Amino acid sequence: MPVSNATAWGQLPDGRPLHRWTLRNARDTQVEISNLGGTLLSWQTPDRQGRVGEVLLGHADAGQYIDSNAYMGAIVGRWANRIRGGRFRLDGIDYKVDRNDGGNHLHGGNYGFHLQRWDVETDGDDLVLRLVSPEGDGGFPGEVSVELRVRLDDDGTLDLRYTATSDAPTPLSLTAHPYFNLNDRRPDIRDHVIRIDADEFLAIDAGAIPVGRQQVAGSAFDFREAAPIGSRLHWPDPQLQLVGGFDHCYIPRQPAAQAPRVVAEVVEPSSGRRLTVESDRPGLQFYSGQKLTGQPSRHGDAYGPFAGFALETQAFPDQVNGPEAEGAILRPGVVWRQHTRYRVDTL
């Protein structure tokens, strides 16, 4: 179905207006997106009884999104996740990027893509968002041009297709950062049952920087068979204790490819809603939302810990400082592509 016309939605501190758009399908599902950070503001969809409810966490207004450090629903870049020490070397040149997370770089830095005003236009059933990130943005080299095409299909799939080009070699890893709670009547996701198609994850240090691959077998991180999120949070696993829950990158069993493959599935038993995540990226960051305490909600109150979870499709954290660095570099003359699908339906 066609995308709605733009609706006024606040403004940036410099006075530039912000807007939002609504995508609808034939099954009473609608998704709202803003040009502030390409942010997914709302996703309302039926449960197994046909009752339409909200499945995304969100703030009340544009000002709260601008002030928040939760990246609530936003497109993050130029680098999704962390870079150790905010440093990397590329083609023999040392670069320093914003350090905004305990001495590390996180999600594009102080003024990442999540705070940028994207250009938006409609193209039939697609919403097309574009952003130009100038040379030196956040400390990164090269001017990068990004396009994101968003479509809501009738089967409940939100289809995200990214392309990007650069006029100089630069690291690039983009992701959407929606927080899901598939039951809008419960302010906690620990009863959600999750399956992640991965034999390995990246173990981290105290700064949440990867230190090496680790097998999931026999650990709290083994979701190859579906299990409730909450039941694993109490396991005496040092990796859980480092960050108070899950905030780790999984390595899906099927290697990254041109076509998206299913990497995760989450079911909320009471509502019957199911989220399926498909991606062509090498990594999947699972964050259980343990640090959401105090984040303002769209209802005027504040979220608590584990109010929502995130499944972020991306390159590996700190990949630019590891043996697979070249796989995260966008070079001139190359079109970078990423395809992610989030589908919400019912059992």
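Given the structure is predicted, the values throughout are model-derived calculations rather than measurements.

**Q** Sorry, what's going on with the overall build of the protein chain here?
**A** Scanning the protein chain for helices and strands turns up 3 helices and 27 strands. A globule of 347 residues ought to have a C-alpha radius of gyration of about 20 Å, and the protein chain, at 19 Å, matches this closely. With respect to the three principal axes, the spread of C-alpha positions in the protein chain is 60 × 50 × 35 Å. When each of the 347 residues of the protein chain is scored for burial, the buried share is 58%. For the protein chain, the proportion of contacts with a sequence separation of at least 24, taken over those separated by at least 6, is 64%. Total accessible area on the protein chain stands at roughly 13,700 Å², and carbon and sulfur atoms take up 46% of it. Side chains of the protein chain carry 36 positive and 46 negative charges; the gap between the two charge centres is 2 Å.

**Q** How should empty space enclosed by the protein be read in this particular structure?
**A** Taking a probe equal in size to a water molecule and rolling it over the atoms shows the remaining empty space. For the coordinates displayed, the defined rule picks out 4 cavities of 30 Å³ or more. In this structure, the largest cavity encloses a volume near 80 Å³. Of the residues in the lining of the largest cavity, the class split is 7 nonpolar, 4 polar and no charged.

**Q** Please clarify how the nonpolar core should be interpreted in this entry.
**A** Soluble globular proteins tend to bury their nonpolar side chains together. Within the largest apolar cluster, 59 residues are counted, with the highest numbers of intra-cluster contacts made by Phe-180, Tyr-250, Leu-275, Phe-286 and Leu-311. Sort the elements by how many residues they give to this core and strand β13 (residues 144–152) lands first, with 5 residues.

**Q** For this particular structure, what's the right way to read the packing of aromatic side chains?
**A** By convention here, two paired aromatic rings are described through the distance between centres and the angle between planes. Under the definition given, this model contains 16 aromatic pairs. These aromatic residues form a ring-pair network of at least three members: Phe-201, Phe-221, Phe-223, Phe-246, Tyr-250 and Phe-286. A cation over a ring is seen here: Arg-232 above Phe-223, with NZ or CZ 4.9 Å from the ring centre. In this arrangement the basic side chain of Arg-232 is found over the ring face of Trp-235, its NZ or CZ atom lying 5.0 Å from the centre.

**Q** Is there a simple way to explain the sheet that holds strand β22 (residues 261–267) in this structure?
**A** Each strand in a sheet pairs with its neighbour through backbone hydrogen bonds, running either in the same direction (parallel) or in the opposite one (antiparallel). Pairing within the open sheet is antiparallel, and its 9 strands lie in the order β11-β12-β13-β14-β27-β23-β22-β17-β20. One side of each edge strand has no neighbouring strand; the edge strands of this open sheet are β11 (119–123) and β20 (227–228).

**Q** Would you explain unusual backbone geometry in this entry?
**A** Backbone geometry follows two general trends: most residues other than glycine have a negative phi, and most peptide bonds adopt the trans configuration. Here Gly-77 and Arg-78 are connected by a cis peptide whose omega angle stands at 10°. By the element assignment, Arg-78 lies in the loop between β6 (75–76) and β7 (82–83). Here the phi dihedral of Asn-81 falls at roughly 80°; this positive angle occurs in a residue that is not glycine. With respect to the element layout, Asn-81 can be found in the loop between β6 and β7. In this structure Asn-81 comes out as buried when scored by relative accessible area, which is 2%. A positive phi angle is found at His-107, which is not glycine, with a value near 50°. Relative to the helices and strands, His-107 is located in the loop between β10 (105–106) and β11. Of the residues examined, His-107 reaches a relative accessible area of 5% and is grouped as buried.

**Q** Honestly, the sheet that holds strand β3 (residues 30–34) in this entry has me stumped. Any pointers?
**A** Taken in spatial order, the 5 strands of this open sheet run β1-β2-β3-β4-β5, and their pairing is antiparallel. Each edge of the open sheet is held by one strand with a lone partner, namely β1 (7–11) and β5 (52–54). When strand polarity is set aside, the average angle formed by the axes of neighbouring strands in this sheet is 20°.

**Q** So what exactly am I meant to see when it comes to the pattern of salt bridges here?
**A** Opposite charge on two side chains permits pairing when their charged atoms draw close. Inspection of the entire model under this criterion finds 32 salt bridges. As a salt-bridge pair, Arg-273 and Asp-184 come within 3.9 Å of each other at their nearest N and O atoms. Of this pair, Arg-273 sits in strand β23 (residues 273–279) while Asp-184 sits in the loop between β16 (175–176) and β17 (193–196), and the two are 89 residues apart along the sequence. Residue Arg-273 is classed as buried on the basis of its relative accessible area, which comes to 0%. The partly exposed category is assigned to Asp-184, whose relative accessible area is 36%. Between Glu-278 and Arg-341 there is a salt bridge; the shortest N-O distance is 2.9 Å.

**Q** Looking at this structure, I do not really get the environment of Asp-167. What am I missing?
**A** Locating Asp-167 in the fold gives a position in the loop between β14 (157–166) and β15 (170–171). Among the residues examined, Asp-167 registers a relative accessible area of 53% and is labelled exposed. It is 34 Å that separates the C-alpha atoms of Asp-167 and Asp-205, two residues lying 38 residues apart in sequence. Beyond its immediate sequence surroundings of up to four residues, Asp-167 is in contact with Gly-142, Glu-143 and Pro-332.

**Q** Help me out: how do you make sense of the side chain of Glu-268 in this one?
**A** Within the secondary structure, Glu-268 sits in the loop between β22 and β23. Despite being buried, Glu-268 has no salt bridge partner; Arg-186 is the closest side chain of opposite charge, sitting 4.2 Å away. At a separation of 3.3 Å, a polar atom in the side chain of Glu-268 contacts the side chain of Asn-183. When neighbours within four sequence positions are excluded, Glu-268 is seen to be in contact with Leu-182, Asn-183, Arg-186, Asp-191, His-192 and Arg-273.

Criteria and cut-off values
- Residues numbered from 1 in each chain as written.
- Predicted model: local features only at pLDDT ≥ 70, side-chain atom pairs only at ≥ 80, totals over all residues.
- Heavy atoms only, no water.
- Helix = DSSP H or I, 4+ residues; strand = E, 2+ residues; numbered from the N terminus.
- Rg over C-alpha atoms; globule rule 2.2 N^0.38 Å.
- Buried < 20%, exposed > 50% of the residue type's maximum accessible area, 1.4 Å probe, protein only.
- Contact = heavy atoms within 4.5 Å.
- Areas by Shrake-Rupley, 256 points an atom, 1.4 Å probe, with all protein chains shown as cover.
- Lys, Arg positive; Asp, Glu negative; His and termini not counted.
- Charge placed at Lys NZ, Arg CZ, Asp CG, Glu CD.
- 1 Å grid on protein atoms, 1.4 Å probe; cavity = no way out; pocket = protein on both sides within 12 Å on 5 of 7 lines; lining within 4 Å.
- Points joined across faces, edges and corners; volume = space filled by probe spheres on them.
- Nonpolar A, V, L, I, M, F, W, Y, C, P; charged D, E, K, R; others polar.
- Core = buried A, V, L, I, M, F, W, Y, C linked by side-chain atoms within 4.5 Å.
- Phe/Tyr/Trp six-rings, centres within 6.5 Å; stacked < 30°, edge-to-face > 60°.
- Lys NZ or Arg CZ within 6 Å of the ring centre and 35° of its normal.
- Pairing = 2+ DSSP bridges.
- Axes fitted to C-alpha atoms, helices over the stretch in contact; angles between N-to-C directions.
- Salt bridge = Lys/Arg side-chain N within 4 Å of Asp/Glu carboxyl O.
- Polar contact = N/O pair within 3.5 Å; in protein donor to acceptor, adjacent residues only side chain to side chain.

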